[in-house]
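Here is how the chains run, residue by residue.
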Amino acid sequence: NRMHLTWNVAKNPKATTVSDTHTHLMYAYSDDEGMTWKNSKGETLALPMTTENGEVVYMEDPGVEAKRMFNGGYITLTADQRPIVLNWSY
């Protein structure tokens, strides 16, 4: 009954359109239907979750002027219930 969450955050100062600005891929999970959230180490995360207090599992270089990660992510679980987070970049 664990809820997994992944999302990406737009923090590219060189790009001007939303689809080109995603640089941070984040992850959290909840065991109580979203009342509290934890990082992959089991540490409680403060709300609201940000790139400063949340878990960044991948970050692209925000100084590179290029297309960024796709606006969406996927989570799958291994046989022993460990999450794998997938996202791709243009």
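Counting restarts for each chain, with residues numbered from 1 along the sequence as it is written. Only residues with pLDDT of 70 or above have their local features reported here, since the model is predicted, and side-chain atom pairs are shown and tallied only from 80 upward, although totals for entire chains, interfaces and linings are computed over all residues. Based on all heavy atoms of the structure, the side-chain values leave hydrogens and waters out of the count.

### Here we look at the pattern of salt bridges
Moving on, step 1. Basic side-chain nitrogens of Lys or Arg form a salt bridge, by our definition, when they fall within 4 Å of a carboxyl oxygen of Asp or Glu. Across all of its chains, the model carries one salt bridge by this definition.
Moving on, step 2. Of the charged contacts in the structure, one is a salt bridge between Arg2 and Asp31, with a shortest N-O distance of 2.7 Å. With a gap of 29 residues between them, Arg2 in the segment before strand S1 (3-10) and Asp31 in the loop between strand S2 (22-30) and strand S3 (37-38) connect regions that are remote in the sequence. Here a strand is any run of E in DSSP of at least two residues, a helix any run of H or I of at least four, and the numbering for each starts at the N terminus.

### Thoughts on unusual backbone geometry
Moving on, step 1. With an omega of 0°, the peptide bond between Leu47 and Pro48 qualifies as cis.
Moving on, step 2. Unlike most non-glycine residues, Glu33 shows phi in positive territory, near 60°.
Moving on, step 3. Following the sequence through the fold, Glu33 ends up in the loop between S2 and S3.
Moving on, step 4. If you check the backbone angles, Gln81 has positive phi at about 70° while not being a glycine.
Moving on, step 5. Position of Gln81 relative to the elements: it lies in the loop between strand S6 (74-77) and strand S7 (83-86).

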